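The chain contents come next:
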There are 2 protein chains.
Amino acid sequence: MLRDQIAAEFKNLQDTICQALETEDGSGKFREDLWEHHSGGGGRTRLIQDGSVIEKGGVNFSAVEGPVHPRLRAQMNLPEHEAPLFFATGVSIVMHPKNPKVPIIHMNVRYFELDNGTCWFGGGIDLTPHYVVREDATYFHRQLKQVCDAHHPAFYEKFKNWADDYFFVQHRDETRGIGGIFFDYLKPDAPDHGLSKSALFNFVLATGQAFAPLYTHFMAAHKNEPHTPEEKNWQYLRRGRYVEFNLVWDRGTKFGLETGGRTESILMSLPPQANWAYDNRPEPGTPEAETLSLLKKGINWL
Amino acid sequence: MLRDQIAAEFKNLQDTICQALETEDGSGKFREDLWEHHSGGGGRTRLIQDGSVIEKGGVNFSAVEGPVHPRLRAQMNLPEHEAPLFFATGVSIVMHPKNPKVPIIHMNVRYFELDNGTCWFGGGIDLTPHYVVREDATYFHRQLKQVCDAHHPAFYEKFKNWADDYFFVQHRDETRGIGGIFFDYLKPDAPDHGLSKSALFNFVLATGQAFAPLYTHFMAAHKNEPHTPEEKNWQYLRRGRYVEFNLVWDRGTKFGLETGGRTESILMSLPPQANWAYDNRPEPGTPEAETLSLLKKGINWL
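Residues numbered from 1 in each chain as written. Chains lettered and ligands numbered in written order. Predicted model: local features only at pLDDT ≥ 70, side-chain atom pairs only at ≥ 80, totals over all residues. Heavy atoms only, no water.

- An unreviewed UniProt entry annotates chain A as coproporphyrinogen oxidase originating from Ravibacter arvi.
- Among the UniProt annotations of chain A, the heading Pathway (unreviewed entry) holds the following wording: "Porphyrin-containing compound metabolism; protoporphyrin-IX biosynthesis; protoporphyrinogen-IX from coproporphyrinogen-III (O2 route): step 1/1." (UniProt positions renumbered as here; feature names shortened; annotations may be inferred.)

## Comments concerning the relation of the copies chain A and chain B
- It takes a turn of 180 degrees to lay chain A on chain B, together with a shift of 0.0 Å along the axis; the resulting RMSD is 0.0 Å. On this basis, the relationship between the two copies can be described by a two-fold rotation axis.
- Interface residue correspondence from chain A to chain B reaches 100%, placing this contact among same-surface, isologous pairings. (Least-squares fit on C-alpha atoms with pLDDT ≥ 70 in both. Contact = heavy atoms within 4.5 Å.)

## Quick word on the packing of aromatic side chains
- According to the stated counting rule, one finds 42 aromatic pairs over all chains in the structure shown.
- Considering the side-chain rings of A:Tyr166 and A:Phe245, the 6.0 Å spacing of their centres and the 75 degrees angle between planes classify their relative orientation as edge-to-face. Taken together, the residues span a long stretch of sequence, with A:Tyr166 in helix α4 (residues 155-166) and A:Phe245 in helix α6 (residues 229-249) at a distance of 79 residues.
- In this structure A:Tyr166 comes out as buried when scored by relative accessible area, which is 11%.
- Taken together, A:Phe155, A:Phe159, A:Trp162, A:Tyr166, A:Phe167, A:Phe182, A:Phe183, A:Phe203 and A:Phe245 form an aromatic cluster joined through their ring pairs.
- Cation over ring: A:Lys101 sits above A:Tyr131, and NZ or CZ is 6.0 Å from the ring centre.
- We note B:Lys297 situated over the ring of B:Phe168; from NZ or CZ to the ring centre the distance is 4.2 Å. (Phe/Tyr/Trp six-rings, centres within 6.5 Å; stacked < 30°, edge-to-face > 60°. Helix = DSSP H or I, 4+ residues; strand = E, 2+ residues; numbered from the N terminus. Buried < 20%, exposed > 50% of the residue type's maximum accessible area, 1.4 Å probe, protein only. Lys NZ or Arg CZ within 6 Å of the ring centre and 35° of its normal.)

## Topic: unusual backbone geometry
Residues and elements named next belong to chain B.
- Within the chain, Asp50 stands out as a residue other than glycine whose phi angle is a positive 55 degrees.
- Secondary-structure assignment places Asp50 in the loop between β2 (41-49) and β3 (54-67).
- By relative accessible area, Asp50 is classed as exposed at 59%.
- Not every positive phi belongs to a glycine, and Asp173 is a case in point at roughly 55 degrees.
- Note that Asp173 resides in the loop between β7 (168-169) and β8 (174-175).

Have a look at this one:
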């Protein structure tokens, strides 16, 4: 697997996903922005706004390269005198629907390599319902388990727990949603999984390909459900938590903003509108309180 | 100056400010929450929502103590075997007005001491107009210069530049607003200013006391100005930037959230509603574009 092949497959993935989302949305169309990264390479940002189902969402492809940023070098414990070049490519998605009964979703697949020969894959999908529907959560996790199981028997459990830990809003003691899978630093032929580079790529691509059928399923299932102004307001408050996670805890967002990434592409993950109310606590027994009670690590949704 | 005297004066300051804001608002009333900090002490959070002028704002007093958090110990270069206790007290304010012609404001005064004898003051005031009005900016900076000059001839210039550097949204290459003053680590009898502890406290208290006359001046001046839905929308977008600064760059917010501070008090600074639009760029020649052109470091507003 050459890096250009991987980037080309990711680019195709972006196309397929945008087409599937436009079809299910019915009226929203993606606009495209091409951009260049300050150290080399660039990206193809696609944004959809004011669709029938999607209020605001982005499907980003990028393939950038350059000298490894000092901040990353420190994280990777690279010695001072080593100044390698990196190449990184990936697809990154967040969708904020209009209807509070449709969940927010996030997907990312990425590949990273250094010119010293090291390379790895990362990525994941996680779902953030404004109102948790148990059957949906089970469906979501079952599909993800199927994708994982087709590539490695240990992946689902490991990556499900990793998602619980990663998508966690520490200062609220809440998970961002009902989790999903998250993985990083998957290196070819590593002893804990033994998969070759192309086998790992197949898994990562399958993760990306799972996105469109999964999300269009939830769009179709809930887009016509009636909802009240109070439910819309709850959606705005939950989006506030989404903003808090992305800006305070998400390592990718922070890294991008601190190292001169393209701000508008990185912050495509933010909702069109978010609200904050002081010390808002839903009444016990309400669907809102039920949702909060399910935003915990370690729930087995299968 | 004993720490309890300082805390008592800060508490009075909170009272005075809340009264002045309620009077100028005309209908909004503060609600009060008392809380305890996990390691000792606590706070008195006051929140105003849905007033005539103020849409959402908070005036926080706190006086907390306990072992110094490892993260702060590292920042202060304290040796591993030293595990001092700290005491911190302060007043912290953010106001989000309804009318986009009224600016957002932030004020903070704080005192910090360790049981090894070290102590310092910090704080500042800065203004974030949704629409920059040059005369207002000049008025604001003149008043702050007066406060500074009454205590030390070098303070205004130094702390004005510090505010420009601190209240800076790096990933947008914009200042948060038109700045103000910012200072930290002001230690009694330090060679660069030579002020005693009580002289420093007088300066810090004067900074706090400048807040109410300044902000009620802007409230009164602009609260009845007409505004369009487009101007309100611009306000929501500017609030989005405020959220970005507070959650990505503000050291106090990050430190509080990462070390188990009271989340609802820390995040009182967030607006009731904020919006994000992809790659929003105002037309050249509009008041919005004019405002953006003035969100730069190093402008002399006097």
